[in-house]
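# Fold and geometry: a report
Given next are the chains, with one letter for each unit.
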Amino acid sequence: MDVIKKPILTEKMVDLTDKFNRYGFVVDIHADKHQIKKAVEDMYGVEVVSVRTMIYPAKKKTKYTKRGINVSKRGAFKKAIVQLKEGDSIDFYNQ
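Here's what I pulled together on the structure shown here. (Residues numbered from 1 in each chain as written. Predicted model: local features only at pLDDT ≥ 70, side-chain atom pairs only at ≥ 80, totals over all residues. Heavy atoms only, no water.)

## Overview of the side chain of Asn21
Note the threshold: For the purposes of this entry, the term helix denotes a DSSP run of H or I that reaches at least four residues, the term strand denotes a run of E that reaches at least two, and both are numbered from the N terminus. Two residues form a contact once any of their heavy atoms are found within 4.5 Å.
Residue placement: Asn21 occurs in the loop between helix 1 (11-20) and strand 2 (22-27). Other than its neighbours up to four places away in sequence, Asn21 contacts Leu16, Val82, Gln83, Leu84, Lys85, Glu86, Gly87 and Asp88.

## Things to note about the sheet that holds strand 3 (residues 48-56)
For clarity, the cut-off: Pairing between two strands is assigned when DSSP locates at least 2 bridges connecting them. Note on geometry: axes are lines fitted to C-alpha atoms, helical ones only across the stretch in contact, with angles between N-to-C directions running from 0 to 180 degrees.
Spatially, 1-2-6-3 is the arrangement adopted by the 4 strands of the open sheet, whose pairing is antiparallel. The strands lining the two open edges of the sheet, one partner per strand, are strand 1 (4-8) and strand 3. Looking at each pair of strands side by side, their axes are set apart by 30° on average, direction ignored. Contacts from helix 1 reach strand 1, strand 2 and strand 6 (77-84), with the element oriented near 140° to strand 2. Strand contacts of helix 2 (residues 33-44): strand 1, strand 2, strand 3 and strand 6, with the helix running at about 120° to strand 3, the strand carrying the most contacts.

Function cannot be read off these values alone, since they describe shape.
Next up, the structure:
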C-alpha cells in the first residue's frame, strides 16, 4: 500500500509551511496516523511531531451544456497535515 500519494502545494499550504513548519499530503484513505508518520519520516528523513488528518467525501458535479446535463463525480480523498520538528524541512522542488 502506497501511503503518501502526492504533496499539496497550494498557496495556503505554503503559508502554513512558512509560519508553522507544517506540510500537507494527499494520502491513502485507509492509512492511519502512525502509518503516515512512518512514511513521511522514511521518505524524507525528517522527524514528525504531529499528524492531523481529514477525509473529504465524494462530490457530485452537474454541468449544463448544449448536449444536455452531464453528471460527474469527484472521488473521496484523505488529506494529512504533518508538523515537523523545529529545524527540519522538506524541499519538494529539489529532489
